[in-house]
Protein chains: 2
Amino acid sequence: MNAQRIGILGSTGSIGTQTLNVVDQHPREFLIKVLTAHSSLDLLKTQIEKYKPEAVCLVDEAKADELKKHVKGSIHVLSGYSGLDEAARWESVDTVITAVVGNIGLKPTLEAIKAKKKIGLANKETLVSGGPVVMEAAKKYGAEIVPIDSEHSAIFQCLKGENVKEIEKIILTCSGGPFRGKKLHELEGVTKEQALNHPTWKMGGKITIDSATLMNKGFEVNEAMWLYDVTADKIEAVIHPQSIIHSMVEFVDGSIIAQLGTHDMRIPIQYALTHPKRIPLNVPKFDFVHAKQFTFEKPDMETFECLKMGIEAARMRGTVCCVLNASNDTAVEAFLKNEIEFLDIQHTIREVMNAHKNVHHPTLEDVLSADKWARKETKEILMQKTDLRKNKV
Amino acid sequence: MNAQRIGILGSTGSIGTQTLNVVDQHPREFLIKVLTAHSSLDLLKTQIEKYKPEAVCLVDEAKADELKKHVKGSIHVLSGYSGLDEAARWESVDTVITAVVGNIGLKPTLEAIKAKKKIGLANKETLVSGGPVVMEAAKKYGAEIVPIDSEHSAIFQCLKGENVKEIEKIILTCSGGPFRGKKLHELEGVTKEQALNHPTWKMGGKITIDSATLMNKGFEVNEAMWLYDVTADKIEAVIHPQSIIHSMVEFVDGSIIAQLGTHDMRIPIQYALTHPKRIPLNVPKFDFVHAKQFTFEKPDMETFECLKMGIEAARMRGTVCCVLNASNDTAVEAFLKNEIEFLDIQHTIREVMNAHKNVHHPTLEDVLSADKWARKETKEILMQKTDLRKNKV
């Protein structure tokens, strides 16, 4: 059997490095052909030495120039967003892991789809913003999209051998984040540090805030809807603070299939590469007796309005989903810079969503223009809020 | 699509009547052709009126004679064990549900296999006693065996689309029974009523005692070993008092798939009939928020030695598994008649197992002769114990 040739978009991030760990465990099964990073020059250099890819890309042009001076031999050094697109469609690659952060994942994912690659999708924003465009392209070019997100990998595994028409309900589990159990007024004035203190998963800053607002779960409703071609009313979120069950599918006969185990992203990463096969993976074994208990709660959508808005957007479909993502992106960025308060995130997104005119069957251009509009609109509203608060003080 | 033609061996018992409820919910999908009972004449009469089968059987010959006087038209009334065998191979039947209690299920199951029926297996003893014989016959005649036991149906569903070679471990969940948490000395002198008070499942007397001793789980280790062609060391039992997860499979990549939901045997019964398809079933929906929590404990195999012996027998294979079942049958019968004490069950089975000379690759005759020997041996040991106790008093 020939080794599976892999390109990783975002090889220096959390998913990227864990993908490389999976590759390290199976040198005969996997071969790295392409690596890309936004600006982490040093780590990328180390990865180049170790994996000797055919091509690499740094989105940061200046750093790419610096890298060119260091790279020996026949390695192609690409740069900028066009370099990322080129990396995504790199000819000798079989499977592209899209692990870049944020909306910049959409275009290279579409490039990889057009090049008929198998896509290991770790970039949530791609489907939230561009769901209709991406799924249509995947269908047209016959590209397979396999989820890497732990919840969607769980659903993907629960659906193995099953017929999606026999789904009664997809049950997305949700840790509840650091503010689980809090009421709306208790979230006034919570700090960035409190919001970044996620109880179960260690992840990047943006996604950790999305977990604190439950927007992350709202996005996942959208992702699941596109990945499994079900309507949003068949997708439900349930709080499961231990995050042991990664998600479930209930079927029309009342039977429920769940995927669970150790919190280790290498499991869904490897499964995306090997499915429908499974191969050994060296991860800590899950111990039920040690775990002791799993608990469940209903999500509080009045307090965590981001989840509610995520579900609403999924029911509406169209550009509003992209607006949800772009507005959230902008607001979370401002929160991480200490420019706004935690609850400003959800209040602002609500205003932006309300102001948006939804395009139900969008083209890529519609999506990109909605994205741009939402970012601008969000910034303006945030500025008004901040000014208002300053004037009060 | 033609309706699936069903024969139920043991139609008046718990599994039998629930199978008929599934049939009632889908009159176009299923058609009853054969019904059999041990001696429940009145209920069988009612079922005959409702389902108008081609053939019926009462194992009790006198009651069969009585039934013959009442049955009108062209319904064949069979009787005795030979009648049960004939019912099992009845020509117009596609699927045979073997829901008879105890060891009498072995022969008719083999008859159904030889007639190339699909088998919905609800009779545990068939595989525990006759595993090697039954599985060899199923292979030879190309008959499919689908489990109805909730744990094995769970495993069967978890393995959908998977490769059994990629199994790391089968995890059988176990409610722990009414004596969970008790130490050995606390089980001295427990009454039949205490043992029959199962915390989660309502079942017949014999299987409820088997759940109290954990022999039921020991049997299930044997069943899983035969059904999924794995060695006993890949099967583990874990106590899960809420019985919501019905069993799980861990794969070589560390991923765990579980089947869970409402405690309702109609789910595995219907799945045995429709798999790989699922069709709607009217059962109470499972509510995670209401369930609140799942807990897990390690089984105490010093106190519940029946589980330990079940695992030992599975590791040894051969006629010792049949001896385990026959000795347990005899001892539980005596306990249900108040002739012996609760702990006599496990102590006696241990003595009988120790005295047995295992035949590793048994024929049907070896199995039947081991069964006979074990019942006799068990009775003798129980008699000695009772006499000894009487003399002490």
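Our structure's up above, just so we're on the same page.
Remember, it's a predicted structure, so these values are computed and weren't measured experimentally.

J.: Can you walk me through the pairing of strand 1 (residues 4-9) of chain B in this structure?
T.: One face of the sheet, then the other: side chains in a regular strand alternate in exactly this way. Residues and elements named next belong to chain B. Taking burial as the measure, the six residues of strand 1 include five buried ones, the bulk of the element. Two elements, strand 1 and strand 2 (residues 30-37), share six bridges in a ladder whose sense is parallel. For Gly 7, the partnering residue across the bridge sits in strand 2 and is Val 34. Following the chain from strand 1 across helix 1 (residues 14-25) to the adjacent parallel strand 2, one finds a crossover that is right-handed. Pairing of strand 1 with strand 5 (residues 95-98) involves four bridges; the strand directions are parallel.

J.: Explanation requested: the packing of aromatic side chains in the structure shown.
T.: Within a pair of aromatic rings, the relevant descriptors are the distance that separates the centres and the angle that separates the planes. This model, assessed by the stated rule, comprises 15 aromatic pairs over all chains. Between Phe335(B) and Phe342(B) the ring centres are 5.6 Å apart and the planes differ by 65 degrees, which places this aromatic pair in the edge-to-face class. By relative accessible area, which is 3% here, Phe335(B) ends up buried. Ring pairs connect the aromatic residues Phe286(A), Phe288(A), Phe294(A), Phe296(A), Phe286(B), Phe288(B), Phe294(B) and Phe296(B), which therefore count as one cluster. Note that Arg317(A) overlies the ring of Trp226(A), its terminal NZ or CZ placed 4.8 Å from the centroid. Directly above the aromatic system of Phe251(A) lies the positively charged group of Arg278(B), at a separation of 4.5 Å from the ring centroid.

J.: Would you explain the sheet that holds strand 1 of chain B in this entry?
T.: The pairing of strands in a sheet comes from backbone hydrogen bonds and takes either a parallel or an antiparallel form. Residues and elements named next belong to chain B. With respect to topology, seven strands assemble into an open sheet ordered 4-3-2-1-5-6-7, the strand pairing being parallel. The sheet is open, and its two borders are formed by strand 4 (76-79) and strand 7 (145-147), each paired with just one other strand. Sheet twist, expressed as the mean angle between neighbouring strand axes with direction ignored, is 20 degrees. The pairing of strand 2 with strand 3 (residues 55-58) spans four bridges and is parallel. By the bridge assignment, Thr 36 is partnered in strand 3 with Cys 57. The sheet strands contacting helix 5 (residues 106-114) are strand 1, strand 5, strand 6 (118-121) and strand 7, and the helix crosses strand 6 at an angle near 155 degrees.

J.: When you look at the pattern of salt bridges in this model, what are you seeing that I'm missing?
T.: If the charged atoms of two oppositely charged side chains come close together, the side chains can form a pair. By the definition in use, this model includes 62 salt bridges over all chains. Of the charged contacts, one joins Lys124(A) and Asp149(A) as a salt bridge, the two residues approaching to 3.1 Å between their closest N and O atoms. With Lys124(A) in helix 6 (residues 124-141) and Asp149(A) in the loop between strand 7 (145-147) and helix 7 (150-158), this residue pair connects regions lying 25 residues apart in the sequence. Salt-bridge contacts for Arg278(B) lead to Glu162(A); the nearest nitrogen and oxygen are separated by 2.8 Å. Here Arg278(B) is found in the loop between helix 11 (266-274) and helix 12 (288-291), whereas its partner Glu162(A) is found in the loop between helix 7 and strand 8 (167-174) on a different chain.

Conventions adopted
Residues numbered from 1 in each chain as written. Chains lettered and ligands numbered in written order. Predicted model: local features only at pLDDT ≥ 70, side-chain atom pairs only at ≥ 80, totals over all residues. Heavy atoms only, no water. Buried < 20%, exposed > 50% of the residue type's maximum accessible area, 1.4 Å probe, protein only. Helix = DSSP H or I, 4+ residues; strand = E, 2+ residues; numbered from the N terminus. Pairing = 2+ DSSP bridges. Right-handed = clockwise from strand over helix to strand, strands pointing away. Phe/Tyr/Trp six-rings, centres within 6.5 Å; stacked < 30°, edge-to-face > 60°. Lys NZ or Arg CZ within 6 Å of the ring centre and 35° of its normal. Axes fitted to C-alpha atoms, helices over the stretch in contact; angles between N-to-C directions. Contact = heavy atoms within 4.5 Å. Salt bridge = Lys/Arg side-chain N within 4 Å of Asp/Glu carboxyl O.

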